Amino acid sequence: MAKKGTIEIDQQICKGCELCVVACPFDLIEMAKAVNSKGYHFAVLAKDGCTACMNCGVVCPDSVITVYSLKEA
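Residues numbered from 1 in each chain as written. Predicted model: local features only at pLDDT ≥ 70, side-chain atom pairs only at ≥ 80, totals over all residues. Heavy atoms only, no water.

1. Quick look at the nonpolar core
Keep this limit in mind: By nonpolar core we mean a set of buried residues, namely Ala, Val, Leu, Ile, Met, Phe, Trp, Tyr and Cys, connected to one another through side-chain atoms within 4.5 Å. Only protein chains enter the calculation, and the probe is 1.4 Å; a residue is then buried if its accessible area is under 20% of its type maximum, exposed if over 50%, and partly exposed in between. Helix and strand assignments come from DSSP, with helices taken as H or I runs of at least 4 residues and strands as E runs of at least 2, each series counted from the N terminus. Any two residues having at least one pair of non-hydrogen atoms within 4.5 Å are treated as being in contact.
One finds Ile 7, Ile 9, Ile 29 and Ile 65 to be the most contacted residues of the largest nonpolar core, which totals 15 residues. Looking at this core, the elements that each hand over two or more residues are β1 (5-9), β2 (29-35) and β3 (41-45). Those residues within four positions of Ile 65 in sequence are excluded, and the remaining contacts are Ile 7, Glu 8, Ile 9, Cys 20, Cys 56, Gly 57 and Cys 60.

2. Details of the pairing of β1
Heads up, the rule is: Any two strands between which DSSP finds at least two bridges are classified as paired.
Only one face of β1 is buried, namely the one carrying Gly 5, Ile 7 and Ile 9, since none of Thr 6 and Glu 8 on the opposite face is buried. In this structure, β1 lies alongside strand β4 (residues 65-69), joined through five bridges in antiparallel fashion. Counted as the bridge partner of Gly 5 is Ser 69 from β4.

3. Quick word on the pairing of β3
In this structure, β2 lies alongside β3, joined through four bridges in antiparallel fashion. When the bridges of β3 are listed, Met 31 appears paired with Ala 43. With antiparallel pairing between neighbouring strands as the criterion, β2 and β3 make up a hairpin whose turn holds five residues, including Gly 39 at a positive phi of roughly 90°.

In short, the description is geometric, and any link to function would need to be established separately.
So this is what it looks like as structure tokens:
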């Protein structure tokens, strides 16, 4: 079975560099149409299917992405 995970993005600190979008091997991260309080479009987890590979968290220059590996029930 494939590993399951999810990510949490601090939308107020994200500067919209899009490195996480490129790093996600499953194309699950997109940029929001909305902007944060600093005027940046922020990253969002747009689809299910995260495997907690940590690519997005590693490439984020501001460390705004927390990756969680989920236990299966």
